[in-house]
Structure formats: C-alpha cells, structure tokens
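# Chains, contacts and geometry: an overview
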Amino acid sequence: MAALDGTPWVDDDEHEVRPYALTGGRTRPTNEMSLSSLLKARATAPEGYLSPEAAHCLALCRGEARSVAEVAATLGQPVQVAKILLSDLLDAGALIMAMPTRTADPKDPNLLEAVLEGLRTYVV
C-alpha cells in the first residue's frame, strides 16, 4: 500500500503487540505481587520457548533484583501485563521473589506500634 504521493505507507505502531496477545488473553497473574515486589533471575535458564517480552523481563532481573514497577516501565507495558509475564517466569522457576534487606530494629517501639496498628486494621 502506498500514500497518495507514492511513498510506502508504514504504520507507526506496526511493532506494537496488544497486551492481551502478550498474556494469552489472561487478565490475572498466578502469583500475587505488588508494584514494589522484587524479583531476581535464577542462575539456570528456563527450558522451552520464551517470548521476546518474557526474555526481556528475565534479562532485566539478572544481576540485581528488580521491582514489578521497574520491569513494567522498562517494557513499556501496563503493570498487569508485566505481572502476568513475571508470574509465568516465577511458575517456570526462572525467577524468584527477592527479599529486601531488613535494616529496621525489631525492638524499635515505632515499628512495633506500626505493626500493631496494621494488625488491628487487618483483623476486623
């Protein structure tokens, strides 16, 4: 197809893939995670085919742990799409949830009060 002036017509978003195509139509991840959840790649690579987006997620999480928000922003995809891709990698054993380092003093009265208040709010 060509434009009226004879130049080839190219769609600007030709290389974009719809989110539902990236997730196979799924709308929810199999693992629960928040925006700040940290994920890190395991030393061994998963077996089988990885989509380019899943491979990109895995590459991002090599070396240091990355948050869900960071992966989504780097991929340029909605957070829910990134969560589904990351969840698939978790299920395949390619990623692990990374625990943040804890620097808080467990005897700090402010921390204990915040935990107590959170528990009171959670327990109805």
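To be clear, the structure that these remarks concern was listed above.
Remember, predicted model here, so these are calculated numbers, not experimental data.

### Digging into the overall build of the protein
Secondary structure assignment for the protein yields 5 helices and 3 strands. Helices (α) and strands (β) of the protein occur, in sequence order from the N terminus, as α-β-α-β-α-α-β-α. Every one of the 124 residues in the protein was classed for burial, and the buried ones make up 23%. For the protein, restricting intrachain contacts to residue pairs at least 6 apart in sequence, the fraction spanning at least 24 positions comes to 68%. Within the structure as shown, the protein displays about 9100 Å² of accessible surface, and the carbon and sulfur contribution to it stands at 57%.

### Side note on the packing of helix H2 (residues 52–60) against helix H4 (residues 79–91)
The axes of two packed helices give the description: the angle between them and the distance between them. The N-to-C vectors of H2 and H4 enclose an angle of 75°; their axes lie 10 Å apart at closest approach. The angle between H2 and H4 places the two elements in the roughly perpendicular class. Contact with H2, carried on its side by Glu-53, Ala-54, Cys-57 and Leu-58, involves Leu-85, Leu-86 and Leu-89 of H4 and no other residues of that element. Of the residues belonging to the contact of H2 with H4, the class tally is 6 nonpolar, no polar and 1 charged.

Thresholds applied
Residues numbered from 1 in each chain as written. Predicted model: local features only at pLDDT ≥ 70, side-chain atom pairs only at ≥ 80, totals over all residues. Heavy atoms only, no water. Helix = DSSP H or I, 4+ residues; strand = E, 2+ residues; numbered from the N terminus. Buried < 20%, exposed > 50% of the residue type's maximum accessible area, 1.4 Å probe, protein only. Contact = heavy atoms within 4.5 Å. Areas by Shrake-Rupley, 256 points an atom, 1.4 Å probe, with all protein chains shown as cover. Axes fitted to C-alpha atoms, helices over the stretch in contact; angles between N-to-C directions. Parallel < 35°, antiparallel > 145°, perpendicular 65-115°, else oblique. Nonpolar A, V, L, I, M, F, W, Y, C, P; charged D, E, K, R; others polar.

Treat this as a map of the structure, not an account of what it does.
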